[in-house]
Every structure is written in structure tokens, then in C-alpha cells.
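Structural characterization, general
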Amino acid sequence: MARKRKTALALAPTPTAEKKPRKLATARGSSRELWFRPTLVGWSPERVENARQQADTGIMLEVSDLVETMFRDARISGVLSTRTHGLLGLPLDFVGGDKKASEVLQGAPNGKTGEWYHMHDESELAKLLAWGLVLGVGLAQRIELPRVVGQPHRYRLETWSPRWLTYYHYGSGGSHWKVITQNGQESVIPGDGDWILFQPYGARRPWAEGLWTKLAFPWLLKHFSMEDRANFSEVLGSPIWIGSTAHGGTEKQRNKFLTQLRGLGKNGKIVLPQGWDLQLREATSAGKTGDVFSQQIKDSNEEITIALAGQVVTTEGTPGFSSGSIHDEIKSDLIRFDAERLSTCLHQQSLEPWAAINFEGRAPWPQWQTEKPADVTEKATGMAQLGDALAKLDSALKVHGLKVDAAKLMGEFVIETLPQDPSAPPVPAPAEKAPTDDSSAI
């Protein structure tokens, strides 16, 4: 009992001890990515399954190489870049948090002069977003930049290949990530100021929810169909010279004739003895045998498009040029999802460490404007009509001593309101008419 009491007393905090706020670490950026050359050829259904099994053990190497190979596909690259580049090209605001931090991040109005654009290069963000969406996890490092006296701490984002990541399902601190660097293996702690781990589908087995699980089979089918179509076309496009000797020709004569045919050039000429013959035989396709390859490629492209864009009609497009808007090619719910998940990740793991060091305050949230321009115009028109309706209703209800509950109506239509400026002079109420005024009017 005495030993337990002594332990309890030793663990108890002293009355004079003050709990200091946790200071986030600065971005060291001392780690360097290993040079590598991933295996990008020889993929088969068996190898894809092996990559999935390896990922379930926590090793991201093989599945990352698979995703990097799929990035080279024209359809995957095209639709994915529309989804990532289109989102990052939308107008960006900073909401909440410290006002001064928002001003420093935003910079001058209508211009990309703020610290956000210096620290978060859009090409690096696009790669981080692409890895997160397709693989299920993206990895980036925060590298501190040189600064002058009085200038805030600044850093740049550098996206790594997730092939160096390992997920440990169990451990003293529970499940966690580690990454292999030139300095050895390091722990990846999201939000510690060094690493950014983008997991749009959640922290528990994120690779199992990545889009690669839906893209791998149609991508393989497309790859095999293109190879088969090329081989089939090679056979159809390669006619064969068929020579026949006269009756009674010897084996030696036939071999000599074959040697002459092999050496026959593009514009070669040959004279045959009497009774000999030479024909050019072209390969012919019975029916539409080769169309099956083109149909498989088309079906695979549609499967890929649906997985990445959520739909296929507007992505395939119509004759002529399109506007190139992300709203025309990617489903709106996917645009909002990507914006919310990326905003949460960068707020917690990038801006919070930056704001804690430079401003000792709350970090703002990056917020991309994902609404369609047409929707914004329609919303503004609806609000104007609502205002006119409120004025008319108030006028009609006044004779009954009633008025519209404007506050409740604003809540139903999700219109944000603020109290009037208390320093502004009050608006004078309209003068009440005396009973004699109405009598004289009559």
C-alpha cells in the first residue's frame, strides 16, 4: 500500500505547476526522398492482386507503382487532371481564424500575391490531391524557406511518392504511419509541422477506398485490348509472298527460291522460269473480328470516366468546343467532397502549425468556391425576389397588425444575417396619423 501511495503522490501535479500550451514544431524539412525507379511494366491481374495483398499488410510500395503506371494512361490522366486542376483553379477564400493570418495568406485583392500561393504551389497540391483520390493516401513534406528579419516563417510543400510509406496496424501508440527517407525510417505524425498526410476517405485502411480499386481492372482490359488490336492489325497489314515452283522442282530449287524472296527489297524485281509462280497473299478478316478490341477499349474508357468523374455524358462531350469548366465534366458532389477534404487536411496539417508559430492564433480555413456561376446568379435573383415579397407581405399584413417573421424566413432559406451597426443612427419610425387627419380626408 505504501508503494502505491508513493507512486500516486509522485504522479500528482504540484499546485504551482502551470500547463503551457503545446508549441507546434517548425518545419524542419531535413528529410530527403530516396531516388527510385518504379517497376512500371509487366502488370497482370495476378500482380494487381499481389499489390492489394501487400497493401493490406501496410506496405504501399507495389500499389503505389501500380497507381503511378495508371497515371500514364491518357484517359485516367485527362479526367483526373480535370478533377484536380479544375478544383485548384476555382476562386479561393479564407474564412474564420485569425484575421491578420487571413490577410497575409490572401494578399492583395484579385491577385495571387499572398503567402498561401508562395507556400502551396498548385502543381504540388495537384499531385497530393491525385495521390489521395486514387491511392487513398497522399504524402507531402513541409520544407522551411529562408526568410529575412521580421518576415513570417515560410515553407514550401513537396509531394512525395507514397511508395515509401508503411502502415503499422498495431503498436504502443496504436496504428500509425512511417516513411523511409535518406535519413532512415521516420514516424509520420499529421499536423506536427513536418509531414502532411492526405487521407480523403478516412484514416482507417485508406488504400482500400482509393479509386485504384475501381480503375485497375478496366485499365488492364484496355491495355490488353490495345496490345491485341495492334497485333491483329500487324497481321492484317502484312501480306505474304507465296512462290510456287514448276512441277518436279527439287528441294534445293525451292530453298534457293525462298532465299531470293527473303532478299527481295521494296522495289525488287524478279524473273521466274516457265512454270514458276509468285503471288502476294493479303490477310483478310472474316466479318468484324477486330471490332471487339475497339469495343473493349471504349467500354474500359467509360468505366474509368465514371469512376473518376461520377458520370460519362458531359465528359465525352459534344461536337465543337466545350467551355472546359470543371462543373461541366465532374459531378458537383465530387467537387464539393474534394474541396472539403483538402481544406480540412491543409487547415489542420499546414495552416495550424504556420499560424501557431507566426500569429499564436487560430488558423483560417481555405475555402474553394465550388458553386456553379449560374447557381450563384440564380441564388442572387431568388434573394432579390424574396426581398420584394417580404416588403409586399408586410404591407398587406399591416392592416391586420401583423408582419412577416423575417428571422425565421431567413433561416429556412439559409440566408446569413448580421445585426445592424449599433453605431448607426436609428431609422425614424413613420409618424402616426391622428384621428382628425382621417376625418378631414373623408
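Up top is the structure.
Every value quoted in this text rests on a predicted model; they were computed, and no experiment measured them.

Rules behind the numbers
- Residues numbered from 1 in each chain as written.
- Predicted model: local features only at pLDDT ≥ 70, side-chain atom pairs only at ≥ 80, totals over all residues.
- Heavy atoms only, no water.
- Salt bridge = Lys/Arg side-chain N within 4 Å of Asp/Glu carboxyl O.
- Helix = DSSP H or I, 4+ residues; strand = E, 2+ residues; numbered from the N terminus.
- Buried < 20%, exposed > 50% of the residue type's maximum accessible area, 1.4 Å probe, protein only.
- Core = buried A, V, L, I, M, F, W, Y, C linked by side-chain atoms within 4.5 Å.
- Contact = heavy atoms within 4.5 Å.
- Pairing = 2+ DSSP bridges.
- Axes fitted to C-alpha atoms, helices over the stretch in contact; angles between N-to-C directions.

Moving on, we come to the pattern of salt bridges. Tallied over the entire structure, the rule returns 11 salt bridges. A salt bridge links glutamate 62 to arginine 47, with the nearest nitrogen and oxygen atoms 2.9 Å apart. On the criterion of sequence distance, the pair formed by glutamate 62 in helix α3 (residues 61-70) and arginine 47 in helix α2 (residues 45-56) is long-range, its members being 15 residues apart. A relative accessible area of 14% means that arginine 47 is categorised as buried. Here the salt bridges do not stand alone but share partners, grouping Glu49, Arg52, Asp56 and Arg205 into one network.

The nonpolar side chains of a soluble globular protein tend to be buried with one another. Core analysis: the largest hydrophobic core is formed by 71 residues, its most contacted members being Trp116, Leu165, Trp177, Trp212 and Trp368. Examining the composition of this core, we find that nine residues originate from one element, helix α13 (residues 332-358), more than from any other. What tryptophan 212 contacts, discounting residues up to four positions off in sequence, is Arg52, Val63, Leu66, Val67, Met70, Val134, Leu135 and Trp207. Within the second largest apolar cluster, six residues are counted, among which are Leu386, Val404, Leu409 and Met410.

With that settled, consider the sheet that holds strand β4 (residues 165-168). Strand order in this open sheet of three strands is β4-β5-β6, and the pairing throughout is antiparallel. Looking along the sheet, the strands with just one partner apiece sit at the ends: β4 and β6 (184-188). Strand after strand, the sheet turns through a mean of 30° between neighbouring axes, direction not considered. The pairing of strand β5 (residues 176-181) with β6 spans five bridges and is antiparallel. In the sheet register, tryptophan 177 faces β6, and the bridge partner there is valine 188.

This part is about the pairing of strand β10 (residues 365-368). Every second residue of β10 is oriented toward a common face, the buried set being Pro366 and Trp368 and the non-buried set Trp365 and Gln367. The pairing of strand β1 (residues 92-95) with β10 spans four bridges and is classified as antiparallel. Within β10, the position partnered with aspartate 93 by the bridge is glutamine 367.

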